[in-house]
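Below are the chains, spelled out letter by letter.
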Amino acid sequence: MPIELAGAVNHSQYKLVMSNYTEDELAKDLENQEYKFGFTTDIESDKAPKGLNEDIIRFISAKKEEPKWLLENRLEAFALWKMMTEPDWAHVKYTKPDFQDITYYSAPKQSKKYESWEDVDPEMKETMKKLGISMEEQKRLTGTNIAVDFVMDSVSVATSFKSTLKELGIIFCSFSEAVQDYPELVRKYMGSVVPTSDNFYAALNSAVFTDGSFCYIPKGVRCPMELSTYFRINEGGTGQFERTLVVADEGSYVSYLEGCTAPQRDENQLHAAVVELVAMDNAEIKYSTVQNWYPGDKNGLGGIFNFVTKRGICGTNSKISWTQVETGSAVTWKYPSCILKGDNSIGEFYSVAVTNNYQQADTGTKMIHLGKNTKSTIISKGISAGKSHNSYRGLVQIHKNAANARNFSQCDSLLMTDECGAHTFPYIECKNSSAKIEHEATTSKIGEDQIFYCLQRGISEEKAIGLIVNGYCKEVLNQLPMEFAVEAQKLLTISLEGSVG
Amino acid sequence: MITINDLHAKIEDKEILKGLSLEVKAGEVHAIMGPNGAGKSTLASVLAGREDYEVTAGSVSFVGEDLLELSTEERAWAGLFLAFQYPVEIPGVSNINFLRTAINETREKKDLDPISAKDFMAMVREKSALVELDAKLASRSVNEGFSGGEKKRNEIFQMAMLAPKLSILDETDSGLDIDALRIVASGVNKLKNENNATIIITHYQRLLDYIVPDFVHVLFDGKIVKTGGKELAIELEEKGYDWIKEEIAQ
Ligand SMILES: Nc1ncnc2c1ncn2[C@@H]1O[C@H](COP(=O)(O)OP(=O)(O)O)[C@@H](O)[C@H]1O
Ligand SMILES: [Mg+2]
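The text that follows walks through the structure, step by step, so that each part is easy to find.

Cut-offs and rules
- Residues numbered from 1 in each chain as written.
- Chains lettered and ligands numbered in written order.
- Predicted model: local features only at pLDDT ≥ 70, side-chain atom pairs only at ≥ 80, totals over all residues.
- Heavy atoms only, no water.
- Donors = N, O, S within 2.8 Å, 3.2 Å for Na, K, Ca; no water.
- Helix = DSSP H or I, 4+ residues; strand = E, 2+ residues; numbered from the N terminus.
- Polar contact = N/O pair within 3.5 Å; in protein donor to acceptor, adjacent residues only side chain to side chain.
- Near = heavy atom within 4 Å.
- Areas by Shrake-Rupley, 256 points an atom, 1.4 Å probe, with all protein chains shown as cover.
- Nonpolar A, V, L, I, M, F, W, Y, C, P; charged D, E, K, R; others polar.
- Buried < 20%, exposed > 50% of the residue type's maximum accessible area, 1.4 Å probe, protein only.
- Pairing = 2+ DSSP bridges.
- Core = buried A, V, L, I, M, F, W, Y, C linked by side-chain atoms within 4.5 Å.
- Contact = heavy atoms within 4.5 Å.

## Observations concerning the coordination of the magnesium ion (ligand 2)
Part 1 of the reasoning: Around the magnesium ion (ligand 2), the protein contributes the donor atoms Ser41 of chain B (OG) and Gln85 of chain B (OE1), which lie 2.1 to 2.5 Å from the metal centre. Here Ser41 of chain B, found in helix 1 (residues 40-48), pairs with Gln85 of chain B, found in the loop between strand 6 (80-83) and strand 7 (90-94); they are 44 residues apart in sequence, far enough to count as distant.

What follows is the structure in structure tokens.
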């Protein structure tokens, strides 16, 4: 199963701690820890058999010792899902997953992929080095040493900050923990933004989700650090279905980061997450994602199918801002959206989507204006390379009572080759004549003149493309927290290496 | 510094350079003049290594290396600089970031450590003053929203930052008012020393009032057809290019 690592990471402090800590010391610590926590337990039996039916759902729920209401929710969702059909309106082509050939639950600890660091694919090591991921982090991400991430992330890192958060009344924990410790909160808000019946993948997620993160910021509290969760898909043949719920109570603020990674595998793997954001009156949620799930190889083999439902709801004077930098996955189907229910609420969507080789992305947003004086901004930068297809799909909906609603959308596409495709599908539904909606769109090919100019100054092509593309995406990258922006920039450069044609 | 011998180059099957020869030594300033369409910018592009052009014959030796064997960026690392006739805009990329990337990559090739932020900023201040480039422009996106004159000054600023061995200035004077012309010329003069060389492409002799060339060449129909001193530039200014055409026809 997927490992979900929830940790409140104050990056600068984290780095400080790590640098005073040698690898030897870490290894020693781990030996002790491993012993102490008894990681040698055989947990093979914790894996559910492949396939999806009511028994599997009961099994998941029992494993997680869930309350009865949650099991009933799951079963209801499953019943709904069985009646639904997989949507095919997106501008993507792929072989539909066989939902009976997926493992829906597998315990975290036995999922080693590599026996030792030496076995890890050199290409992957190289990529991680370029990303500036430390050796330990690299080992953790390739799954060489599960104990490490367990210890490092759940105990040494997360817990230390958890106490700081706790003093402020902030709850930040795994979804499973939240179900056990804060069942009323979970029950109240789960499904309140993305109902089970919303769509095929949301229904599936509601039936089989395994874990995810939960976050609650109490009234008037400004969360003093970025909260971050790192998701990864580990074991072959498993699906990943996370559930994330962020609730910002009145007048609170939180910035939430989501990172993703997945090892290379030559089969397609399904990922169908649901993220719900609730921003109450005068609250603000900033949700940033850097997604680099495995995109498949140069010939389009393997890679993640990423079918995600992300939506937030805004109370009066509140604000939700989605920022995403997407470079991974074989197929992406994702539309982080805002329901601007409260008067004067604000929704923002800043997106960079990069596709290379045979990747396909159909991504965008929905801004649903219900309240008066609601405002939304959409900035989308699609970059296509290789033989990939990149589509923007956005809906701006102004309801009858949304007097003086405003929307500004800008959708830019950059083509790196003659074989790739960029498509824009903007939908506007306006039922209030006082609304002001502006839409701008451009498509351009990466400039040979720009590249030549860089080369002439001694900047090699790879770096030149990195510079030009990062410049092109600046408006979006500027929205990311510092540490994340640096990682995102490197990621953009790496995912477009050798892609001009 | 550079020896060009019987250079032929074509673009899309159209021969533009038709046997061009030129030698420039360290410490020299050469001016290349000629009517529109003569092939001046083509020469600059071919020397800089633009891929659209195909060299069909001839040789070029630059600081002892076979220039035509080097890639565009290798030529830059070897010390060749082109101030573009039409500098391009790179939105979202600050001038400073652009130059730092260029300088550090060049240093890396010479096994030097990256320049420190402090040294780099001191250099930016010093060199931008040289061409009276507003410090604000140095941190703006490369050429984005720059006026024509600012773009040209920015080219010379970049030249100052990169300290090349051979600079080719392609019509750097065009579109400049007299003050800007003076500033650019004085920048070029200050950068001049016995170890570097400059090729100034222009079709007005105006600039040559400020930067005095050692040689003036006339490029016509893909060849250097006449070479002289500064007085040749003045003669061209007075009489135009027709008399040259006639001379060749004879
Ligand atoms: N991309 C191109 N394709 C075809 N002909 C070109 C191209 N670029 C330049 N030329 C031609 O090459 C000749 C020389 O151009 P250029 O070197 O720009 O002249 P100059 O700089 O001396 O004014 C002109 O006749 C021009 O039309
Ligand atoms: Mg020209």
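## Quick word on the side chain of Asn143 of chain B
Part 1 of the reasoning: With respect to the helices and strands, the residue Asn143 of chain B is situated in the loop between strand 8 (141-142) and helix 6 (148-162).
Part 2 of the reasoning: A distance of 3.3 Å separates polar atoms of two side chains, one belonging to Asn143 of chain B and the other to Tyr453 of chain A.

## Considering the site of ligand 1
Residue and element names in this part refer to chain B.
Part 1 of the reasoning: The local shell around ligand 1 consists of Ile11, Glu12, Lys14, Ile16, Pro35, Asn36, Gly37, Ala38, Gly39, Lys40, Ser41 and Thr42.
Part 2 of the reasoning: Look at ligand 1: alone it shows 570 Å² of surface, and the protein chains cover 66% of it.
Part 3 of the reasoning: Contributing elements (two or more residues each) for the shell around ligand 1: strand 2 (14-24) and helix 1.
Part 4 of the reasoning: Split into classes, the residues belonging to the shell around ligand 1 amount to four nonpolar, five polar and three charged.

## With respect to the pairing of strand 8 (residues 274-279) of chain A
Residues and elements named next belong to chain A.
Part 1 of the reasoning: Burial within strand 8 is extensive, with six of its six residues counted as buried.
Part 2 of the reasoning: Covered by surrounding structure in strand 8 are Val274, Glu276 and Val278 together with Val275, Leu277 and Ala279, the residues of both alternating faces.
Part 3 of the reasoning: Alignment of strand 5 (residues 242-248) against strand 8, held across six bridges, turns out to be parallel. By the bridge assignment for strand 8, Leu245 is matched with Glu276.
Part 4 of the reasoning: Relative to strand 10 (residues 303-314), strand 8 is paired through six bridges, and the arrangement is parallel. Counterpart to Leu277 in the pairing with strand 10 is Gly312.

## Structural notes on the sheet that holds strand 2 of chain B
Residues and elements named next belong to chain B.
Part 1 of the reasoning: Read from one edge of the open sheet, four strands run 2-1-4-5, paired in antiparallel fashion. The open sheet is flanked by strand 2 and strand 5 (65-66), the only strands paired with a single partner.
Part 2 of the reasoning: By the bridge criterion, two bridges tie strand 4 (residues 54-62) to strand 5 in an arrangement that is antiparallel. The residue bridging Ser61 from the neighbouring strand is Asp66, located in strand 5.

## Some points on the nonpolar core
Part 1 of the reasoning: Within the largest apolar cluster, 100 residues are counted, with the highest numbers of intra-cluster contacts made by Ile383, Met416 and Val469 of chain A together with Ile4, Leu43, Ile90 and Phe98 of chain B.
Part 2 of the reasoning: Beyond its immediate sequence surroundings of up to four residues, Val469 of chain A is in contact with Ile383, Leu414, Met416, Leu492 and Leu496 of chain A.

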